[in-house]
Amino acid sequence: MYLTKEEEEMLSGKYGEIISSALKVIVKVGESLGAEKLVEIPHAHVSGLSYMTIGDAGLTFLKSFAERGARVRVFSTVNPIGMDMELWKRMGISEEFSKKQKEIVEAILSMGFEPTFTCTPYLIRKPLFREHLAWGESSAIAMANTYYGARTNREGGPLALMSALTGRTYYAGLHLDENRVPTHELILEEGIQLNDPAFAGALGYVVGEKIRNGIPLIKGAKMSFETVKSYTAAAAASGDIALSYIEGITPDYDWAIGEAEHLEKVPIEKREIEKMISLKGDIEVDAIFVGCPHADMDEVLELYSILSKCGKLRIPIWISTSRSTYEKLKELGVIERLESIGAVVIRDTCPVVSPLIASKFKSVAVTSAKGFFYIPKMHGTRAVIIPFRRIGEIACKRRR
Ligand code: F3S
């Protein structure tokens, strides 16, 4: 593999043993994938930091880096952890779990990571078109590639950590144009509604199941930031789809159309999407979860406007968001008002990577097809998908 002078020096230990061993890992992985060189990255995003998912082995691994003085070389953000750092008791998190989770947080912050704890790092630092990144978190990767036209492979947590420490990733996979050519064209039946994140997520879920590992292209669908966010998260969960081309959304859509010689057609029927969504108003569940991926300002404000028309909630709503969005909502007084009707806003975490659901609920409704995919698998909890814009009909005791 070709290495620049600086990279040779990094490997030889000029910048310390940690950078040398971190770069060795990246070079090894790159070589196994046929990479001819490394690329510099301005932003790494590391996932896999919940104590629930990484346990003591992960904690020891992170601590060993922190104790040896590892420091990030580029802007580096982190994914949700297993609890809200302030509301963990209310979430039903044990003292033991919180102690271990705090040790993980301490280790990563000591390495210079931004305390973001969100799966929406693109809202913290917007990726640039054609920019190379090294991100973990499948939903964020799919947004970076699809919505922003940036380039990132789906990195595991440890490899993204090595990239954070070196500012490099291997030049292979989705970093290369030749691997970004669409493979399938979705033929959407007329009448498929994609204006609600739940329906867009259901589309992603079906696409992920049908295509598994490819690059779909979608012509003529009217999608927004929120619906693309939901679609990409679900397609990356039920399948391994890290890039889609969406007309009017993906910056290099026209390039993709020009490159594609043969696209396998994949018909998607309206009933396939609709059968995934529960439209019943009298649904009986223990709680409703919103915010997978983490809800942004617009989503929480829209939800707030829906819920402000009802009195107390008949079903509690848990909203997960980033701490930066949480702070803004707090300033606006929205958190307090949501709490007063029976909603809970949590930051730093989500229902999938936290033990919250297992400890509290038997059945839940979600507005996210990614949540629907993971919640039963991770927690054994029954989950149904409901439309985001009909939460009021489902959750309110009485409409004003
Ligand atoms: Fe984010 Fe958790 Fe969903 S990490 S994408 S809210 S599963």
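Keep in mind the model is a prediction, meaning the values are calculated, not measured. (Residues numbered from 1 in each chain as written. Predicted model: local features only at pLDDT ≥ 70, side-chain atom pairs only at ≥ 80, totals over all residues. Heavy atoms only, no water.)

Draft legend 1. Structural context of the site of the ligand. All residues adjacent to the ligand are Pro80, Cys119, Glu137, Ser139, Gly291, Cys292, Pro293, Cys350, Val352 and Lys370. For the shell around the ligand, the element with the most residues is strand β10 (residues 287–295), which contributes three residues. Looking at the shell around the ligand residue by residue, the classes come out as six nonpolar, two polar and two charged. When we break the shell around the ligand down by domain, the ones giving at least three residues each are domain 1 (5–177) and domain 3 (287–395). (Near = heavy atom within 4 Å. Helix = DSSP H or I, 4+ residues; strand = E, 2+ residues; numbered from the N terminus. Nonpolar A, V, L, I, M, F, W, Y, C, P; charged D, E, K, R; others polar. Domains from an automatic or database assignment.)

Draft legend 2. Highlighting the domain arrangement of the protein. Segmentation of the protein into domains returns domain 1 (5–177), domain 2 (181–274) and domain 3 (287–395). Both sides together, the interface formed by domain 1 and domain 3 hides about 1900 Å², and carbon and sulfur atoms give 58% of it. It is Met52, Arg90 and Met91 that lose the most area in domain 1 upon contact with domain 3, and together they represent 29% of the buried surface on that side. At the junction of domain 1 with domain 3, the criterion picks out four salt bridges. At the junction of domain 1 and domain 3, the tally comes to 10 residue pairs in polar contact (both at pLDDT 80 or more). Where the side of domain 1 that touches domain 3 is concerned, the elements lending two or more residues are α3 (51–67) and α5 (138–146). Tallied by class, residues from the side of domain 1 that touches domain 3 come to 15 nonpolar, nine polar and four charged. (Buried area = accessible area lost by both parts, 1.4 Å probe. Salt bridge = Lys/Arg side-chain N within 4 Å of Asp/Glu carboxyl O. Polar contact = N/O pair within 3.5 Å; in protein donor to acceptor, adjacent residues only side chain to side chain.)

Draft legend 3. Spotlight on unusual backbone geometry. The omega angle of the peptide bond from Cys292 to Pro293 is -5°, so this bond is cis rather than trans. A positive phi angle is found at Phe117, which is not glycine, with a value near 45°. With respect to the helices, strands and loops of the structure, Phe117 is situated in the loop between α4 (95–110) and β4 (134–135). On the basis of relative accessibility, which here comes to 1%, the residue Phe117 falls in the buried class. Its identity as a non-glycine residue notwithstanding, Asp348 has a phi of 75°, on the positive side. Positionally, Asp348 belongs in the loop between β12 (343–347) and α14 (356–360). (Buried < 20%, exposed > 50% of the residue type's maximum accessible area, 1.4 Å probe, protein only.)

Draft legend 4. Region of interest: the UniProt feature "domain: Phosphomevalonate dehydratase large subunit-like" (unreviewed entry) in the protein. Under the feature "domain: Phosphomevalonate dehydratase large subunit-like" (unreviewed entry), the UniProt entry names residues 1–386. Secondary structure across residues 1–386 divides into 42% helix and 15% strand, with the first and last C-alpha atoms of the span separated by 50 Å. (UniProt positions renumbered as here; feature names shortened; annotations may be inferred.)

Draft legend 5. How the structure looks around the state of the cysteines. According to the stated counting rule, one finds one disulfide in the structure shown. A sulfur-sulfur distance of 2.2 Å marks the disulfide that ties Cys310 to Cys396. Across the S-S bond of Cys310 and Cys396 the torsion is about -60°, and the bridge reads as left-handed. Highlighted residues: Cys310 in the loop between α11 (297–307) and β11 (317–321) and Cys396 in the segment after α16 (391–395), separated in sequence by 86 residues. Both residues of the pair, Cys310 and Cys396, count as buried. (Disulfide = S-S within 2.5 Å.)

Draft legend 6. Summary view of the sheet that holds strand β9 (residues 264–268). If you trace the four strands from one edge of the open sheet to the other, you get β8-β7-β6-β9, paired in parallel fashion. Sheet topology places β8 (245–246) and β9 at the edges, where each strand pairs with a single neighbour. Strand direction decides the pairing type here: strand β6 (residues 184–188) and β9, joined by five bridges, are parallel. Each residue of the ladder has a partner; that of Glu185, found in β9, is Lys265. (Pairing = 2+ DSSP bridges.)

Draft legend 7. Quick peek at the pattern of salt bridges. Enumeration according to the criterion identifies 28 salt bridges in this entry. A salt bridge links Arg151 to Asp252, with the nearest nitrogen and oxygen atoms 3.5 Å apart. Residue Arg151 is located in the loop between α5 and α6 (157–166), and its partner Asp252 is located in the loop between β8 and α9 (253–259); the two are separated by 101 residues in the primary sequence. Of the two residues, Arg151 and Asp252, neither departs from the other in class, the shared state being buried. For Arg154, the salt bridge goes to Asp240, with nearest N and O atoms at 2.8 Å. Residue Arg154 is found in the loop between α5 and α6, and its partner Asp240 is found in the loop between α8 (225–238) and β8; the two are separated by 86 residues along the sequence.

Draft legend 8. Geometry of the side chain of Thr77. As for its placement among the helices and strands, Thr77 is situated in strand β3 (residues 75–78). A distance of 2.8 Å separates a polar atom in the side chain of Thr77 from a polar atom in the side chain of His45. What Thr77 contacts, discounting residues up to four positions off in sequence, is His43, Ala44, His45, Val46, Phe113, Glu114, Thr116, Pro121 and Ile124. (Contact = heavy atoms within 4.5 Å.)

Draft legend 9. Just the nonpolar core, in detail. The biggest cluster of nonpolar side chains holds 112 residues, and the ones touching the most others in it are Met111, Phe113, Leu161, Leu165, Tyr231 and Trp318. A total of nine residues in this core trace back to one element, the largest contributor, which is helix α7 (residues 197–211). Ignoring sequence-local partners within four residues, the contact set of Tyr231 consists of Leu186, Ala200, Gly201, Leu203, Gly204, Val207, Pro216, Ile218, Met223, Ser244 and Ile246. In terms of nonpolar packing, the next biggest core, distinct from the first, is built from 31 residues, Val290, Leu303, Ile319 and Ala365 among them. (Core = buried A, V, L, I, M, F, W, Y, C linked by side-chain atoms within 4.5 Å.)

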